[in-house]
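# Structural features, examined
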Amino acid sequence: MYDLDMKRLPRHVAIIMDGNGRWARQKLRTRIFGHEKGVGAVRKIVSRCREIGIPYLTLYAFSKENWNRPAREVKALWSLLERFLKAELPEMIEKQIRFLHLGDVEGIPASVLQILRQAEEQTAGFGRLVLSLALNYGGRQEILRAVQLLAEDVRNGRAIPSDLSGDVFSRYLYTEGYPDPDLVIRTGGEIRVSNFLLWQIAYAELYFTEILWPDFAESDFMEALVEFQNRERRFGRTGEQVKSAVPDRSAPGAGASRATRGSRARS
Ligand code: IPE
Ligand code: IPE
Ligand code: MG
């Protein structure tokens, strides 16, 4: 049905799940209702990724800037996230999905933090799909944190400034050990990045769709994958060079190919 080459799937897909509020407003419902409906789309896309064998899926669920929303919506979002994680954990275990949180732990309500930790611990041994939820996450904040950790390592003699490379720097990010995203999808019609994975998306293919997140279906996801496969990733080279070269999907400076997060990313 889809003209998809299963051997050239992206290794890492990252999604900015946008448009829940507008979706609800169109139906004359509260924005919160839209967020609740968005959970259904999350379930579908996670299952599809697992089925077809995409090893890393990262979902942007709550940005640092989202704290600026009305308190009622913020509260409802955290409560929804908590319910979602509690409800989904048994299935993640059953389906051997490894769960990881990306973002700042400070500020996250204690009850949410508890279930995040639990989900991380109870799925730590799995690797069929690495599902990451970016929560209380900001790309600039992540880079600043990495610089702080690195500066500390330099001060303690554990790192030497002249040895610093892109690969080494990547290890100080929350996404330590992840391959960089090959494809970033944003639903909801906005053409912007909104502080998502700024370092990691240097060479990602960006895919924007008008579809509002609660309406984003498996078929829409498959369409995005087909378009991804139709793009020519040049990484600075010419089209002629790419056509005559051995396929190479990794961007220069891409991270390692497995999630092997150690103590560095944790704080
Ligand atoms: C995305 O939907 C979910 C979060 C940012 C938490 P929005 O809530 O941003 O929906 P719109 O953009 O207002 O429609
Ligand atoms: C981006 O959506 C953040 C998430 C999807 C979690 P926003 O709706 O917050 O982004 P802006 O404010 O429109 O850029
Ligand atoms: Mg939005």
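Report on the accompanying structure. (Residues numbered from 1 in each chain as written. Chains lettered and ligands numbered in written order. Predicted model: local features only at pLDDT ≥ 70, side-chain atom pairs only at ≥ 80, totals over all residues. Heavy atoms only, no water.)

With that settled, the discussion passes to the site of ligand 2. Close to ligand 2 lie I16, M17, D18, Y60, A61, F62, S63, N66, R69, R186, R192 and S194. Here an oxygen atom of ligand 2 sits 2.9 Å away from a polar atom, N or O, in the side chain of N66. Contact between ligand 2 and R186: an oxygen atom at 3.3 Å from a side-chain N or O atom of the residue. The biggest single contributor to the shell around ligand 2 is strand β2 (residues 56-63), with four residues. (Near = heavy atom within 4 Å. Polar contact = N/O pair within 3.5 Å; in protein donor to acceptor, adjacent residues only side chain to side chain. Helix = DSSP H or I, 4+ residues; strand = E, 2+ residues; numbered from the N terminus.)

Moving on to the site of ligand 1. As a matter of local geometry, ligand 1 sits amid M17, D18, G19, N20, G21, R22, R31, H35, A61, N66, R69 and L77. One of the backbone nitrogen or oxygen atoms of G21 is found 2.9 Å away from an oxygen atom of ligand 1. Within the side chain of R31, an N or O atom sits 2.8 Å from an oxygen atom of ligand 1. Burial of ligand 1 by the surrounding chains reaches 87%, relative to a free accessible area of 370 Å². Among the elements of the structure, α1 (20-26) and α2 (31-52) are those that each provide at least two residues to the shell around ligand 1. A total of three residues in the shell around ligand 1 trace back to one element, the largest contributor, which is α1. (Areas by Shrake-Rupley, 256 points an atom, 1.4 Å probe, with all protein chains shown as cover.)

Another point: the sheet that holds β2. What holds strands together in a sheet is hydrogen bonding between their backbones, with the strands either parallel or antiparallel. Strand order in the open sheet formed by six strands is β3-β4-β2-β1-β5-β6, with parallel pairing between adjacent strands. Where the open sheet ends on each side, the last strands, each with one partner, are β3 (97-102) and β6 (205-208). Each strand axis lies, on average, 20 degrees off the axis of its neighbour in the sheet, ignoring direction. Bridging between β3 and strand β4 (residues 129-137) involves six bridges; their strand directions are parallel. Directly across from R98, in β4, lies its bridge partner V130. Of the strands in this sheet, β3 and β4 are in contact with helix α4 (residues 110-122), which crosses β3 at around 140 degrees. Together, β1 (12-16), β5 (183-186) and β6 form the strand contacts of helix α7 (residues 218-230), whose direction differs from that of β5 by roughly 140 degrees. (Pairing = 2+ DSSP bridges. Axes fitted to C-alpha atoms, helices over the stretch in contact; angles between N-to-C directions. Contact = heavy atoms within 4.5 Å.)

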